[in-house]
Amino acid sequence: FFGSIPTLHMAPPDAAKRVNLSEGQKWDHAVENAIRKATLGLMVGTCFNVVFFRRPKFVSLMYGLPIGFGLGQAWTEAKYLFDHDVKFDRCMIATVKPIASSSS
């Protein structure tokens, strides 16, 4: 029975797939990360406000605190990204290709 369970094998990381980011790509990643973490903090603050708090003083605190934590973490990650020569896997870099318009 247990012999029929498929196992997951991770492929070793390929050094050829890793790429250095340009300054523009680093800024794109840093801004996207800051927006994502601030939004996550806003959602966490909203959940706490709905469940626990009713006073305006606590409501504003619970909106600002998680957003501040998220932005602080994004700032730390961006500082590390700009100060070090970080290599990314190509699968972590999103590329958008426009859809070819079909003329009928």
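Note: the structure precedes this text.
Reading the values: the criteria
Residues numbered from 1 in each chain as written. Predicted model: local features only at pLDDT ≥ 70, side-chain atom pairs only at ≥ 80, totals over all residues. Heavy atoms only, no water. Helix = DSSP H or I, 4+ residues; strand = E, 2+ residues; numbered from the N terminus. Contact = heavy atoms within 4.5 Å. 1 Å grid on protein atoms, 1.4 Å probe; cavity = no way out; pocket = protein on both sides within 12 Å on 5 of 7 lines; lining within 4 Å. Points joined across faces, edges and corners; volume = space filled by probe spheres on them.

Asks: What is the right way to read the environment of F48 from this model?
Replies: Mapped onto the fold, F48 is located in helix α1 (residues 23-51). Each C-alpha atom, one on F48 and one on Y63, is 8.8 Å from the other, the two residues being 15 residues apart in sequence. Each residue touching F48, except ones within four places of it in the same chain, is listed here: F53 and M62.

Asks: Just checking my understanding: could you explain the layout of surface pockets for this structure?
Replies: Over the atoms rolls a probe the size of a water molecule, and its path tells where empty space is left. Taken as a whole, the second largest pocket encloses approximately 190 Å³ of empty space. Forming the boundary of the second largest pocket are W27, A30, V31, A34, L71, A74, W75, A78, K79 and F82. Elements with a contribution of two residues or more to the lining of the second largest pocket: α1 and α2 (56-83). Sorting elements by how many residues they give to the lining of the second largest pocket places α2 first, with six residues.

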